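# Observations on the model geometry
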Amino acid sequence: MRKISNLFLVVMLTVTMSIFIFGGCKPAVPVEEPVVEEPALEEPVVEETVVEEKKYEGVELRMMFQTNPAIEKNMKEVCEEFYERTGAKVLMEEAPFESIMPKLMASIEAGEAGYDIWYVNIEFLYTLWPYALPLNSYIEKYNYDTSDWFDAAIKYGVGIGDDPNIRYSIPLVMVVPPVFYNTEKIPEYPTTWEDYENILAENTNPPEEYGLAVAGVPVQTIKLFFARYWSLGDPLLTPDWKPLINSEKGVKALEMLKKHIDNYAPPGVLGWDNPEAAASFANGLSATYEGWHGFILPLLEDSAESKIGDNWAVTKYPEGGTGNMTTLDLAIFKDTKYPDAAFEFIAEVSNEENSKKWAIEGGNTTPRRSIYEDPEVQAAQPWFKGYKEALDVAKPSFWKVPQWIELFIPTGDAVSQYLSGQITDPQVALDQLAATWEEAIKKATPDFEYSE
Amino acid sequence: MLAENRRWSIIFLLPSVLFLIVAYVYPMLYSFFMSFFSYSMLIPGAEPVFTGISNYLSIFNNLAFLNSIRITFIFSVSAMFFQFIIGLFLALVMSANLRITGMFRVLMLVPMMITPVVVGILWRNLYNSSYGAINFFISFLGIPPQTWLGSATQALPAVIVVEIWQQLPVFAFILAAGIASIPTELNKAALVDGCGRMRIFRHITLPLLKPAIIVAFLLRIIDTLRIYDIVYMMTQGGPGTATKFLSLYIYERGLKFFDIGAAAAQSWFFLIIVLLIEIYFIRLILRRGTAG
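Residues numbered from 1 in each chain as written. Chains lettered and ligands numbered in written order. Predicted model: local features only at pLDDT ≥ 70, side-chain atom pairs only at ≥ 80, totals over all residues. Heavy atoms only, no water.

### Things to note about the overall build of chain A
- Of regular secondary structure, chain A possesses 19 helices and nine strands.
- Looking at chain A residue by residue over its 452 residues, the buried ones come to 57%.
- Summed over its atoms, the accessible surface of chain A is roughly 19,500 Å², and 54% of this surface lies on carbon and sulfur atoms. (Helix = DSSP H or I, 4+ residues; strand = E, 2+ residues; numbered from the N terminus. Buried < 20%, exposed > 50% of the residue type's maximum accessible area, 1.4 Å probe, protein only. Areas by Shrake-Rupley, 256 points an atom, 1.4 Å probe, with all protein chains shown as cover.)

Below, the structure written as structure tokens:
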């Protein structure tokens, strides 16, 4: 009797463990799932509409969605509309910027269980492009219009990988850090760094008011430094991958940034992240804010949070400066079973109609240039006019370089080390940074020339 | 009968052991294996290249990594020192059987119940140089506003304070349990012999508390050396590299740069250091056990 009960227990335990281990690891979405059940729930009662089978009935597309609260609601709406129209269900799985690469890498290793669509920062495609589907033929097949895009979206979205003509992704969001300024304090925004400094100085009267608000944690200082460095005219690297960052211009840019932060920003900004910097501008403490718009707009548009009302505008940096631009793109996994459905979904998400709707409803900064000139959009988002100016001069850092993040993050560390006084000589900070860049590039020097 | 029981025990244990091997032992062995390779997963088409012990040797030339070790140990030692001193005091208060002891114990646990991410955000706001509560309160003492997390010299102490605040109950409760286990007869006998409170504490309580102290340190060392979430939320390793602890550094190398070989070697190096410290403490416990 005891033997039988033990045997029974072992069998049960093994079955449970098997279900736990193997069942749990199965892809949540079987790729070729039959059609019938779920659509039947939503079938309308009216007879006439039931007749025709939808184009992608039963297709399920898994999408890795890089967390972006600004567009999440709109994205879900389009997923529903797309399902209604085509029968293809798009399942969104969210992951923040920090964990998107490990997840995608794991999914790629897992093969079949991978995601059909990726919505990610384009920089991740510098590594993942061998697993992405070239979209040129689909763009042609579906007559997808890219002519309305900003120059930067056209230029920097092509040529990733080993073929200069291939496009692996469609940009959905295009962002660059602009300058927000208080129009009551700064009626006319300056076009030179000298005038910019004068305005920062005029508006600095501690502790009541300061000229500048920035997020000063290491990674956020990169854009501030690049904005000043690029305005001086040099690229980050030579065509044959030698760092230029530790040149005289690099030193000048770094010193300029330190002067701006030390003299015109509230004390302690090096410990601030985006929310604190945004709040400093929105509550009127600082006259300008250099940073990402995603953090500050919710504050400025909320009358309970903002103390400056409508007295703010957006513009580009003086003297042609720009922080590092990036786009959030939609790409397709090359082994997807439904490339056409995936592309049609991408085309729908990013079409002109949705771009306009998303811009009006959530202020989504689309790569479609004409949207910024649309009167309805301008009425809903007056700041789009200035943002367009910033996008016109925008450029990315380390375009196409797979190890871009190994260059990017140490830049923040080096800039922050100088700003915080850990390193007192800007030349030393930049020489160390240049050495780090060289080491990272040496691991796999790209076989194309560096360009911006 | 014994043999049969043994067989069944093995059968019952097998699933768990298999699970542990798959989920725990295999990844560890694999990471050890990878630590002898150069492998940057960011580079499309890159393959692991065997480089022997070069990843381990490069640790000693890597100033950023060595700096992270230094910061991590400063953090760990300082935090534990203050946690021990304050924790011991609180343990004595808790053992005093006062009317408020129950309430006090519950309140003590509150910081530990808050998730590290929330703790990070909470203290980030408290330390805010412009509107933070800490600057507000120190102004009453005539101290000018400080930049705290925005200063390369103040950020590390600021993070240490948060660690002390949140994990203090671990020390306090372990030590309180240790005090409770000391036979009261010893104290009574000492009192009869004319010992003062201080002498009782020094010659009876503290020596008998040693095992509890060692256990508390043993547990806290592991936690403090691998601190990540609070620091990430508070400073992201800055300003500069002032709070770039080892866990942040290795995470960055492994899961941001995907420099798998180097990150694996650094992790193993770190693990060996932690193991050596742990072995030292475990031997202390065992020695006391044998002596007792």
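### Some remarks on the packing of helix H7 (residues 155-180) of chain B against helix H9 (residues 197-225) of chain B
Residues and elements named next belong to chain B.
- Relative to each other, H7 and H9 sit at 145°, their axes nearing to 9 Å. As H7 runs across H9, the sense of the crossing is right-handed. In this structure, H7 contributes Glu163, Gln167, Val170, Phe171, Ile174, Leu175, Gly178 and Ile179 to the contact, and H9 contributes Thr205, Leu209, Ala212, Ile213, Ala216, Phe217, Leu219, Arg220 and Thr224.
- Classifying every residue of the contact of H7 with H9 by side-chain character gives eleven nonpolar, four polar and two charged. (Axes fitted to C-alpha atoms, helices over the stretch in contact; angles between N-to-C directions. Left-handed = near helix turned anticlockwise from the far one by under 90°. Contact = heavy atoms within 4.5 Å. Nonpolar A, V, L, I, M, F, W, Y, C, P; charged D, E, K, R; others polar.)

### Considering the nonpolar core
Residue and element names in this part refer to chain A.
- If you look at the biggest cluster of nonpolar residues, it comprises 152 residues, and the most contacted ones within it are Met75 and Trp118.
- The greatest single-element share of this core, amounting to nine residues, is contributed by helix H18 (residues 404-419).
- The contact partners of Trp118, leaving out residues within four places of it in the chain, are Met64, Leu104, Ile108, Leu125, Leu128, Tyr131, Ala132, Asp329, Leu330, Ala331 and Phe333. (Core = buried A, V, L, I, M, F, W, Y, C linked by side-chain atoms within 4.5 Å.)

### Description of the side chain of His293(A)
- By the element assignment, His293(A) lies in helix H12 (residues 293-300).
- In this structure, His293(A) is in contact with Val175(A), Phe180(A), Pro298(A), Gly363(A), Thr365(A), Trp383(A) and Tyr387(A), ignoring residues within four places of it in sequence.

### Some remarks on the pairing of strand S7 (residues 286-290) of chain A
Residues and elements named next belong to chain A.
- Across the five residues of S7, five count as buried, placing the element largely inside the fold.
- Relative to S7, strand S5 (residues 179-182) runs antiparallel, the two being bridged by three bridges. Looking at S7, one finds that Val179 is bridged to Glu290.
- With four bridges connecting them, strand S6 (residues 210-214) and S7 associate as parallel partners. What sits directly across from Val214, in S7, is Glu290. (Pairing = 2+ DSSP bridges.)

### A word on unusual backbone geometry
- With an omega of -5°, the peptide bond running from Pro206(A) to Pro207(A) counts as cis.
- With respect to the element layout, Pro207(A) can be found in the loop between helix H8 (193-202) and S6.
- Cis rather than trans, the peptide bond between Gly238(B) and Pro239(B) has omega equal to -5°.
- Tracing the chain through its elements places Pro239(B) in the loop between helix H10 (229-234) and helix H11 (246-256).
- Of note in the backbone geometry, Trp241(A) takes a positive phi value of approximately 70° without being a glycine.

### Quick word on a negative patch on the surface
Residue and element names in this part refer to chain A.
- A grouping of Glu80, Glu81, Glu84 and Glu353 is seen on the molecular surface, where their side chains present a negatively charged patch.
- For the negative patch, the element with the highest residue contribution is helix H3 (residues 69-86), accounting for three residues.
- With respect to the secondary-structure elements, Glu81 resides in helix H3.
- Its relative accessible area of 36% is what places Glu81 among the partly exposed residues. (Patch = residues over 30% accessible without salt bridge, like charges linked within 9 Å, V, L, I, M, F, W, Y side chains within 5 Å. Salt bridge = Lys/Arg side-chain N within 4 Å of Asp/Glu carboxyl O. Lys, Arg positive; Asp, Glu negative; His and termini not counted. Charge placed at Lys NZ, Arg CZ, Asp CG, Glu CD.)

### Structural notes on the packing of aromatic side chains
- Taken as a whole, this structure holds 55 aromatic pairs over all chains when the rule is applied.
- Their ring planes at 45° and their centres at 5.6 Å tell us that Trp123(B) and Tyr127(B) sit as a pair that is tilted. For the pair formed by Trp123(B) and Tyr127(B), the shared burial category is buried.
- Taken together, the aromatic side chains of Phe225(A), Phe226(A), Tyr229(A), Trp230(A), Phe398(A) and Trp437(A) make up a single cluster linked through ring pairs.
- A cation sits over an aromatic face here: Lys54(A) above Tyr83(A), 5.9 Å from the ring centre. (Phe/Tyr/Trp six-rings, centres within 6.5 Å; stacked < 30°, edge-to-face > 60°. Lys NZ or Arg CZ within 6 Å of the ring centre and 35° of its normal.)

### Here we look at the pattern of salt bridges
All names here are of chain A.
- The full count for this structure, using the stated rule, is 30 salt bridges over all chains.
- Measuring nitrogen to oxygen at the nearest pair gives 2.3 Å for the salt bridge that ties Glu348 to Arg85. Here Glu348 is found in helix H13 (residues 339-349), whereas its partner Arg85 is found in helix H3, with 263 residues between them in sequence.
- Judged by relative accessible area, Glu348 falls into the buried class, the value being 13%.
- It is possible to trace a salt-bridge network through shared partners that takes in Arg369, Glu373, Lys388 and Asp392.

### Structural notes on the sheet that holds strand S8 (residues 312-315) of chain A
Residue and element names in this part refer to chain A.
- Spatial ordering of the open sheet is given by S6-S7-S5-S8, a layout of four strands whose pairing is mixed. Two strands close off the open sheet at either side, each with one partner strand: S6 and S8. Adjacent strand axes in the sheet meet at a mean angle of 25°, parallel and antiparallel pairs treated alike.
- Relative to S8, S5 is paired through four bridges, and the arrangement is antiparallel. Its bridge partner lying in S8, Phe180 is registered against Val314.
- Packed on one face of the sheet, helix H11 (residues 274-282) meets S5, S6, S7 and S8 and runs near 145° to S7.

### Comments concerning the side chain of Ser286(A)
- With respect to the helices, strands and loops of the structure, Ser286(A) is situated in strand S7.
- Setting aside residues no more than four positions away along its own chain, Ser286(A) makes contact with Tyr210(A), Gly211(A), Leu212(A), Ala213(A), Pro266(A), Ser280(A) and Phe281(A).

### Here we look at the packing of H8(A) against helix H10 (residues 248-264) of chain A
All names here are of chain A.
- In contact at an axis separation of 10 Å, H8 and H10 are set at 15° when each is read in the N-to-C sense. Judged by the angle between their axes, H8 and H10 are roughly parallel. The handedness of the crossing between H8 and H10 comes out as left-handed. Touching Trp193, Tyr196, Glu197, Leu200 and Ala201 of H8 are Met256, Lys259, His260 and Tyr264, all from H10.
- Here the residues of the contact of H8 with H10 are counted per class, giving six nonpolar, one polar and two charged. (Parallel < 35°, antiparallel > 145°, perpendicular 65-115°, else oblique.)

### Focus on the confidence of the model for chain B
- On average, residues of chain B score 92 in pLDDT, and 98% of them are at 70 or above.
- Both scores are available for the predicted complex, with the pTM at 0.87 and the ipTM at 0.89. (pLDDT = per-residue confidence, 0-100.)

### Looking at the environment of Ile122(A)
All names here are of chain A.
- Residue position: Ile122 is located in helix H5 (residues 122-128).
- Each C-alpha atom of the pair Ile122 and Ala213 lies 28 Å from the other, and the pair is 91 residues apart in sequence.
- Discounting residues that sit within four places of it in the chain, Ile122 has contacts with Tyr156, Gly157, Ile160, Ser169, Thr326, Thr327 and Asp329.

### Quick word on H18(A)
Residues and elements named next belong to chain A.
- When the terminal C-alpha atoms of H18 are compared, their 23 Å separation across 16 residues agrees well with the 22 Å that a helix rising 1.5 Å per residue should span.
- With 16 of 16 residues buried, H18 is to be regarded as a mostly interior element.
- Phi turns positive, to about 85°, at Gly421, one or two residues after H18. (Expected span 1.5 Å × (residues − 1).)

### Quick look at the sheet that holds strand S3 (residues 117-121) of chain A
All names here are of chain A.
- Strand order in the open sheet formed by five strands is S2-S1-S3-S9-S4, and the pairing between neighbours is mixed. Of all strands in the sheet, those bounded by a partner on one side alone are strand S2 (89-95) and strand S4 (169-175). Averaged over all neighbouring strand pairs, the angle between strand axes comes to 20°, with direction disregarded.
- As paired elements, strand S1 (residues 60-66) and S2 share seven bridges and run parallel to each other. Bridge pairing in S2 links Gln66 to Ala95.
- Helix-sheet contacts for H13 involve S1, S2, S3, S4 and strand S9 (326-332), and the interaxial angle to S9 is about 150°.

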